[in-house]
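Here are the chains, one letter per residue:
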Amino acid sequence: MKIRTYAESDAPATLGVFMSAITQTAALNYTQEQTDAWARPNERNLDHWNAARNSLNTIVADINGNVAGFSDVSDSGYIDMMFVAPEFGRRGVASALLAHLQRQAISQGTPELTTHASITARPFFERHGFTVIAEQHPITNGVQMVNYQMRLQLSA
């Protein structure tokens, strides 16, 4: 597995990972209405997706030329997205992405990592030392969701 910087050519594959992770993996913990509101397949535009990935300094996990997952971290330590393709689940992809983000944050002097983890992702983040700060009930596309504000204190 290689962790690398996102490239524009990764836009279709990362969007595919995002969609399948929501509609297959996260669908185990959310209703059809919730996954539809979250995924919004008819509203996704590849140019906007690419611009967002570039603005968020996205990284990609590449396995034999396939995008297995992707993530990002802001300068303040906020992880906006962490998604793994269902066919690459339970192979250490998310752990490798998170380890890369942690090293990056520590090297930049970021004191903590934070995220808004889904019900599905919460156990993963807890296994990696994150703690739940609050349960949240955001409205996504008119549908109430559940996620968790989580934090991990970093040390140099």
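Please refer to the structure placed before this passage.
What counts and how
Residues numbered from 1 in each chain as written. Predicted model: local features only at pLDDT ≥ 70, side-chain atom pairs only at ≥ 80, totals over all residues. Heavy atoms only, no water. Phe/Tyr/Trp six-rings, centres within 6.5 Å; stacked < 30°, edge-to-face > 60°. Helix = DSSP H or I, 4+ residues; strand = E, 2+ residues; numbered from the N terminus. Buried < 20%, exposed > 50% of the residue type's maximum accessible area, 1.4 Å probe, protein only. Lys NZ or Arg CZ within 6 Å of the ring centre and 35° of its normal. Pairing = 2+ DSSP bridges. Axes fitted to C-alpha atoms, helices over the stretch in contact; angles between N-to-C directions.

A.B. asks: Explain the packing of aromatic side chains to me, using residue names and the numbers behind them.
C.D. replies: The description of an aromatic ring pair rests on the distance of the ring centres and on the angle between the ring planes. Inspection of every chain in the model, using the stated rule, returns eight aromatic pairs. Between Trp-49 and Phe-70, the ring centres sit 5.9 Å apart and the planes meet at 80°, which makes this aromatic pair edge-to-face. Taken together, the residues span a long stretch of sequence, with Trp-49 in helix α3 (residues 46-55) and Phe-70 in strand β3 (residues 66-71) at a distance of 21 residues. Residue Trp-49 is classed as buried on the basis of its relative accessible area, which comes to 6%. Following the ring pairs from residue to residue traces out a cluster consisting of Phe-18, Tyr-30, Trp-38, Trp-49, Phe-70 and Phe-83. Positioned above the aromatic ring of Trp-49 is the side chain of Arg-53, whose terminal nitrogen or guanidinium carbon lies 4.3 Å from the ring centre. The aromatic ring of Tyr-148 is capped on one face by Arg-122, whose charged end is 4.5 Å from the ring centroid.

A.B. asks: Break down the sheet that holds strand β1 (residues 2-5) for me, with residues and values.
C.D. replies: Judged by pairing direction, the sheet is antiparallel, and its four strands sit side by side in the order β1-β2-β3-β5 without closing on themselves. Two strands bound the open sheet, and with one partner strand each, they are β1 and β5 (82-84). Between one strand and the next, the sheet's axes are offset by a mean angle of 30°, whatever the strand orientation. Bridging between β1 and strand β2 (residues 59-63) involves four bridges; their strand directions are antiparallel. Following the sheet pairing, Arg-4 is matched in β2 by Val-60.

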